[in-house]
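Structural overview for review
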Amino acid sequence: MLRSTLLKLSESQGFARWVTCNRTTRRMSHRFVAGEELAEAISAARVCNDQGMLVSLDYLGENVLTAEDAQRARDAYLEVFDRIAAEKLNANVSCKLTQLGLDLSPEFSEGQALSIVERAASYDNFLRVDMEGSAYTERTLEVVKKVRQRSPAIGTVIQAYLYRSEQDVQDLLAIGCRIRLCKGAYSEPPQVAFPKKEDVDANYIKLVRLLLPSGFYHGIATHDPRMIGATIRIAAESKVAKDDFEFQMLYGVRTDLQRQLVRDGYRLRIYIPYGRDWFPYFMRRLAERPANLGFFVRNFFR
Ligand SMILES: Cc1cc2nc3c(=O)[nH]c(=O)nc-3n(C[C@H](O)[C@H](O)[C@H](O)COP(=O)(O)OP(=O)(O)OC[C@H]3O[C@@H](n4cnc5c(N)ncnc54)[C@H](O)[C@@H]3O)c2cc1C
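Residues numbered from 1 in each chain as written. Predicted model: local features only at pLDDT ≥ 70, side-chain atom pairs only at ≥ 80, totals over all residues. Heavy atoms only, no water.

Regarding the site of the ligand
- Looking at the ligand, there are 26 residues lining it, with Lys 183, Gly 184, Thr 222, His 223 and Glu 288 nearest.
- Between the ligand and the protein, one listed contact pairs a nitrogen atom with a side-chain N or O atom of Arg 180 at 3.0 Å.
- Within the contact set of the ligand, a nitrogen atom lies 3.1 Å away from a backbone nitrogen or oxygen of Arg 285.
- Contact with the protein chains covers 88% of the free accessible surface of the ligand, which is 920 Å². (Near = heavy atom within 4 Å. Polar contact = N/O pair within 3.5 Å; in protein donor to acceptor, adjacent residues only side chain to side chain. Areas by Shrake-Rupley, 256 points an atom, 1.4 Å probe, with all protein chains shown as cover.)

So, the packing of aromatic side chains
- In the structure shown here, the tally under the stated rule is 11 aromatic pairs.
- Centre to centre, the rings of Phe 32 and Phe 282 are 6.2 Å apart; their planes meet at 55°, and the pair counts as tilted. Of this pair, Phe 32 sits in the loop between α3 (23–29) and α4 (38–50) while Phe 282 sits in helix α12 (residues 279–288); the two residues are 250 residues apart in sequence, bridging distant segments of the chain.
- Judged by its relative accessible area of 1%, Phe 282 is buried.
- Both rings, one in Phe 245 and one in Phe 247, keep their centres 5.4 Å apart while their planes meet at 80°; by these two values the pair is edge-to-face.
- When its relative accessible area of 2% is taken as the criterion, Phe 245 is described as buried.
- An aromatic cluster is present here, built from Phe 15, Trp 18 and Phe 279 joined pairwise through their rings.
- Sitting over the face of the ring of Tyr 266, Lys 242 holds its NZ or CZ atom 4.8 Å from the ring centroid. (Phe/Tyr/Trp six-rings, centres within 6.5 Å; stacked < 30°, edge-to-face > 60°. Helix = DSSP H or I, 4+ residues; strand = E, 2+ residues; numbered from the N terminus. Buried < 20%, exposed > 50% of the residue type's maximum accessible area, 1.4 Å probe, protein only. Lys NZ or Arg CZ within 6 Å of the ring centre and 35° of its normal.)

Concerning the sheet that holds strand β2 (residues 91–95)
- Ordered in space as β1-β2-β3-β4-β5-β6-β7-β8, the 8 strands form a closed barrel in which the pairing is parallel. Each strand axis lies, on average, 30° off the axis of its neighbour in the sheet, ignoring direction.
- Pairing of strand β4 (residues 154–159) with strand β5 (residues 179–182), which is carried by 4 bridges, proceeds in the parallel orientation. The residue bridging Ile 158 from the neighbouring strand is Leu 181, located in β5.
- Where helix α8 (residues 165–174) meets the sheet, it contacts β4, β5 and β6 (218–221), and its direction lies at approximately 160° from that of β4.
- Along the sheet, helix α10 (residues 225–237) contacts β6 and β7 (245–250); its crossing angle with β7, the most-contacted strand, is approximately 175°. (Pairing = 2+ DSSP bridges. Axes fitted to C-alpha atoms, helices over the stretch in contact; angles between N-to-C directions. Contact = heavy atoms within 4.5 Å.)

Here we look at unusual backbone geometry
- Residues other than glycine seldom take positive phi values, yet Lys 239 does so here, at roughly 55°.
- Even without glycine at this site, Arg 254 takes up a positive phi of about 50°.
- Its place among the elements puts Arg 254 in the loop between β7 and α11 (255–263).

This is how it looks when you write it as structure tokens:
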């Protein structure tokens, strides 16, 4: 109930204006967001690299309404790849297709994604296309597959809460596409997604069983110690080496677990978001864990 209310609020422009203009809530966003400027994300990435963690930088933004905004986002991503190379960071990039104009037209966002992927490939780097709400799943996969025919430096995300995900994993593995597996962060109806957490978790583990022995390098994105434990067991059973996959976690979430995985010799990538359009991302993080809302409210009134 609380989760779906917060996710609904994440779409409210009035609430977004209030939260993003308020000095206290802006400060609180720093728990999950590196900052509003690229320089702050680069500093956060440097700290992660120094601690033995890989990074994925995300310039926050989604559902842009004009071609100009989409092109500005594309240019920002081109700059991110240039900066990663100049700073010699061990980092790739994550983006959302609605930020690159998917709502305007799939063909337009495909052209935009292709130009970013070509820049990534020129540095031997990689672009991960995040997965958004289920209204975008099919179109996102189509665009990724088309861009991938031109360059393999692109991968995408599969959400374990969707019924369709097993088939999508099979289809993506058939073309050798790299996948990030996550549980799924949006509010979805029972017609398309498992409503119960235990079913999402069971499907997550089922998909890990498909991904790890596939021979391709995938990202297992979760902070759930049970999913992490299952992944470690499946890797051992399938004789998949620690270097043949990576765990992924979000900036500011379960830093204790992050350090533990690195100490245990696993590859771990931290997803570092930055930019001014942090409101929907921040709301999804609050929705994931009720205690985060308590943290937010307590700090606000303090
Ligand atoms: C690298 C990365 C990329 C992602 N990309 C996408 C994407 O493209 N599309 C998409 O739909 N979703 C994405 N997600 C979000 C994901 O779908 C989940 O919503 C989120 O990771 C929470 O699920 P969980 O696996 O951590 O398990 P949960 O069962 O939700 O959480 C397990 C435990 O992790 C901790 N935890 C989880 N979330 C938080 C939080 N916000 N704050 C504090 N503690 C927390 C808590 O201790 C919780 O008990 C991504 C997640 C990661 C890590």
